Amino acid sequence: LFMASHICETIIWKAFSPTTINTGRGTEFEGACLAFFHLIFVRSNKFHAIREALLRRNLPNLTNLAATLLIFVLCIYMQGWRVNLTVKYQRSRGLERPYPIKLFYTSNMPIIL
């Protein structure tokens, strides 16, 4: 539980951190979402502002955030998948029943991610 809360805190902090950092190009926000809106309003060339927000090198960027959210949603979706194994009983001939098992073993989800 503590590991999951720490991971969630890190993701939220890197997305919405209000801390400002003075880079060579000027003052930028550390959080990816705040930096996106800040760059859109401050920069005159909007295309370069969007590109910079998506691909910042030394700070969290929107591409990292989108990849994290995509993997998280994909793992949650695949956690619901079940595979039905057909079980044949030896004592009663011809009796077959499906036995559902989970495709992913996800009891330690924060460790896996």
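Peer 1: Tell me what's going on with the packing of aromatic side chains, and back it up with residues and numbers.
Peer 2: In the structure shown here, the tally under the stated rule is two aromatic pairs. With 5.2 Å between their ring centres and 70 degrees between their planes, Phe36 and Phe37 make a pair best called edge-to-face. With relative accessibility at 48%, the residue Phe37 sits in the partly exposed group.

Peer 1: Explain the side chain of Ser17 to me, using residue names and the numbers behind them.
Peer 2: Relative to the helices and strands, Ser17 resides in the loop between helix 1 (2-16) and strand 1 (20-23). Residue classification places Ser17 among the buried positions, given a relative accessible area of 0%. Separated by 3.2 Å, the side chains of Ser17 and Glu30 make a polar contact. When residues no more than four places from it in sequence are discounted, the contact partners of Ser17 are Ile12, Phe29, Glu30, Gly31 and Leu34.

Calculation notes
- Residues numbered from 1 in each chain as written.
- Predicted model: local features only at pLDDT ≥ 70, side-chain atom pairs only at ≥ 80, totals over all residues.
- Heavy atoms only, no water.
- Phe/Tyr/Trp six-rings, centres within 6.5 Å; stacked < 30°, edge-to-face > 60°.
- Buried < 20%, exposed > 50% of the residue type's maximum accessible area, 1.4 Å probe, protein only.
- Helix = DSSP H or I, 4+ residues; strand = E, 2+ residues; numbered from the N terminus.
- Polar contact = N/O pair within 3.5 Å; in protein donor to acceptor, adjacent residues only side chain to side chain.
- Contact = heavy atoms within 4.5 Å.

Purely spatial values, then, with no claim about function.
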